[in-house]
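# Observations on the model geometry
Spelled out, the chains give:
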Amino acid sequence: EAGVTQFPSHSVIEKGQTVTLRCDPISGHDNLYWYRRVMGKEIKFLLHFVKESKQDESGMPNNRFLAERTGGTYSTLKVQPAELEDSGVYFCASSRGGIGSYNSPLHFGNGTRLTVT
Amino acid sequence: RKEVEQDPGPFNVPEGATVAFNCTYSNSASQSFFWYRQDCRKEPKLLMSVYSSGNEDGRFTAQLNRASQYISLLIRDSKLSDSATYLCVVNANFGNEKLTFGTGTRLTIIP
């Protein structure tokens, strides 16, 4: 079974530019999550999709961040325009069932390391 | 106060020793608890879920104390491959899919 894949693995952009991160979840996983870790801080929740629907986007920092999951397969997270404080590692995760479901752990991708200069 | 607090370490422990980590959480309504492991520049991976009665998986034992709102992880007979950052993770309540992470405890096993 292929794992969660994220692209790109690294991205360096200038302040004010746009970046789009992509996540391909494990096939058949309806639940898709975005998390991020800024330097020195804990990993924080951004949002959660079930199929193509946003279930919870309470962790999105501001309206410069836009996540989509058209067709309920892969997801993109766009940052426009990027600011210095957006630098960090953006993780995507997927699961078959919800967190409370038995034997339905979250599988994380290796992350996209974003640097805004 | 952070929602999930962990001692960041680092813990430097000789191979074969037993090491224990604790974690406290602030939301008394929390329902699900986990320990994740993260190797340097890698993704977090689920180590084990933590159940109310406590649970064991090989050399790893997890305990939950709801009254005191803390979770522990015990690693026995530590191996060099146990070197990693251990993340305490909590889910607030059923129907809420958001995981709350601690900052992690860094463990290094010394040969």
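This write-up is about the structure you can find in this document.

Reading guide: rules and limits
- Residues numbered from 1 in each chain as written.
- Chains lettered and ligands numbered in written order.
- Predicted model: local features only at pLDDT ≥ 70, side-chain atom pairs only at ≥ 80, totals over all residues.
- Heavy atoms only, no water.
- Disulfide = S-S within 2.5 Å.
- Helix = DSSP H or I, 4+ residues; strand = E, 2+ residues; numbered from the N terminus.
- Buried < 20%, exposed > 50% of the residue type's maximum accessible area, 1.4 Å probe, protein only.
- Pairing = 2+ DSSP bridges.
- Axes fitted to C-alpha atoms, helices over the stretch in contact; angles between N-to-C directions.
- Phe/Tyr/Trp six-rings, centres within 6.5 Å; stacked < 30°, edge-to-face > 60°.
- Core = buried A, V, L, I, M, F, W, Y, C linked by side-chain atoms within 4.5 Å.
- Contact = heavy atoms within 4.5 Å.
- Buried area = accessible area lost by both parts, 1.4 Å probe.
- Salt bridge = Lys/Arg side-chain N within 4 Å of Asp/Glu carboxyl O.
- Nonpolar A, V, L, I, M, F, W, Y, C, P; charged D, E, K, R; others polar.

## Points about the state of the cysteines
- By the definition in use, this model includes 2 disulfides over all chains.
- There is a disulfide in this structure between Cys23(A) and Cys92(A), and the S-S distance comes to 1.9 Å. In this structure, the disulfide formed by Cys23(A) and Cys92(A) twists by about -65° around the S-S bond and is classed as left-handed. Of this pair, Cys23(A) sits in strand E3 (residues 19-24) while Cys92(A) sits in strand E9 (residues 88-95), and the two are 69 residues apart along the sequence. Judged on exposure class, the residue Cys23(A) and its partner Cys92(A) are both buried.
- A sulfur-sulfur separation of 2.0 Å characterises the disulfide bridge that pairs Cys23(B) with Cys88(B). Taking the torsion about the sulfur-sulfur bond, which here is approximately -70°, the covalent link between Cys23(B) and Cys88(B) counts as left-handed. Here Cys23(B) is found in strand E3 (residues 19-25), whereas its partner Cys88(B) is found in strand E9 (residues 84-91), with 65 residues between them in sequence.

## Focus on unusual backbone geometry
- In this structure, the amide linkage connecting Phe7(A) to the following residue, Pro8(A), adopts the cis form with an omega of -5°.
- Mapped onto the fold, Pro8(A) is located in the loop between strand E1 (5-7) and strand E2 (10-13).
- A positive phi is found at Gln69(B), a non-glycine position, where the angle reads about 60°.
- Along the chain, Gln69(B) falls in the loop between strand E7 (60-65) and strand E8 (70-75).
- If you check the backbone angles, Asp77(B) has positive phi at about 45° while not being a glycine.
- Structurally, Asp77(B) can be placed in the loop between E8 and E9.
- Relative accessible area serves as the criterion here: at 38%, Asp77(B) is assigned to the partly exposed category.

## Description of the sheet that holds strand E8 (residues 75-79) of chain A
All names here are of chain A.
- Taken together, 4 strands build an open sheet; the order of strands is E1-E3-E8-E7 and the sheet is antiparallel. Single-partner strands in this sheet number two, and they are E1 and strand E7 (65-68). Taken pair by pair, the neighbouring strands of this sheet meet at an average axis angle of 15°, ignoring direction.
- As paired strands, E3 and E8 are joined by 5 bridges and run antiparallel to one another. Residue pairing in the sheet places Val19 in a bridge with Val79 of E8.

## Digging into the packing of aromatic side chains
- Under the defined criterion, the tally for this structure stands at 12 aromatic pairs over all chains.
- On the numbers, 5.6 Å between centres and 75° between planes, the contact of Tyr35(A) with Phe45(A) is edge-to-face. Here Phe45(A) lies in strand E5 (residues 44-50) and Tyr35(A) lies in strand E4 (residues 31-37), a separation of 10 residues in the sequence.
- For Tyr35(A), a relative accessible area of 0% corresponds to the buried category.
- Residue classification places Phe45(A) among the buried residues on the basis of a relative accessible area of 5%.
- Considering the side-chain rings of Phe91(A) and Phe108(A), the 6.3 Å spacing of their centres and the 85° angle between planes classify their relative orientation as edge-to-face. In this pair, Phe91(A) sits in strand E9 while Phe108(A) sits in strand E10 (residues 107-108), placing the two residues 17 residues apart along the sequence. Both residues of the pair, Phe91(A) and Phe108(A), belong to the buried class.
- The structure contains a cluster of three or more aromatic residues connected by ring pairs, namely Tyr35(A), Phe45(A), Phe91(A), Phe108(A), Phe34(B), Tyr36(B) and Phe101(B).

## Describing the nonpolar core
- Counting residues in each nonpolar core, the largest one holds 22 residues, and the members touching the most others are Phe21(B), Trp35(B), Ile71(B), Leu73(B), Ile75(B), Tyr86(B) and Leu107(B).
- Contributions of two or more residues to this core are made by E3, strand E4 (32-38), strand E5 (44-50), E7, E8, E9 and strand E11 (105-110) of chain B.

## Some details on the interface of chain B and chain A
- Contact residues are listed per partner, giving 18 residues for chain B and 18 residues for chain A.
- Buried area between chain B and chain A, both sides added, is near 1,700 Å², and the carbon and sulfur share of it is 57%.
- Of all residues in chain B, the largest losses of buried area upon contact with chain A belong to Arg41(B), Glu97(B) and Phe101(B), amounting jointly to 35% of the total for that side.
- The interface formed by chain B and chain A includes 0 salt bridges.
- Listed by contribution, the elements that provide at least two residues to the side of chain B that touches chain A are E4, E5, E9 and strand E10 (99-101) of chain B.
- A class-by-class count of the residues in the side of chain B that touches chain A yields 7 nonpolar, 5 polar and 6 charged.

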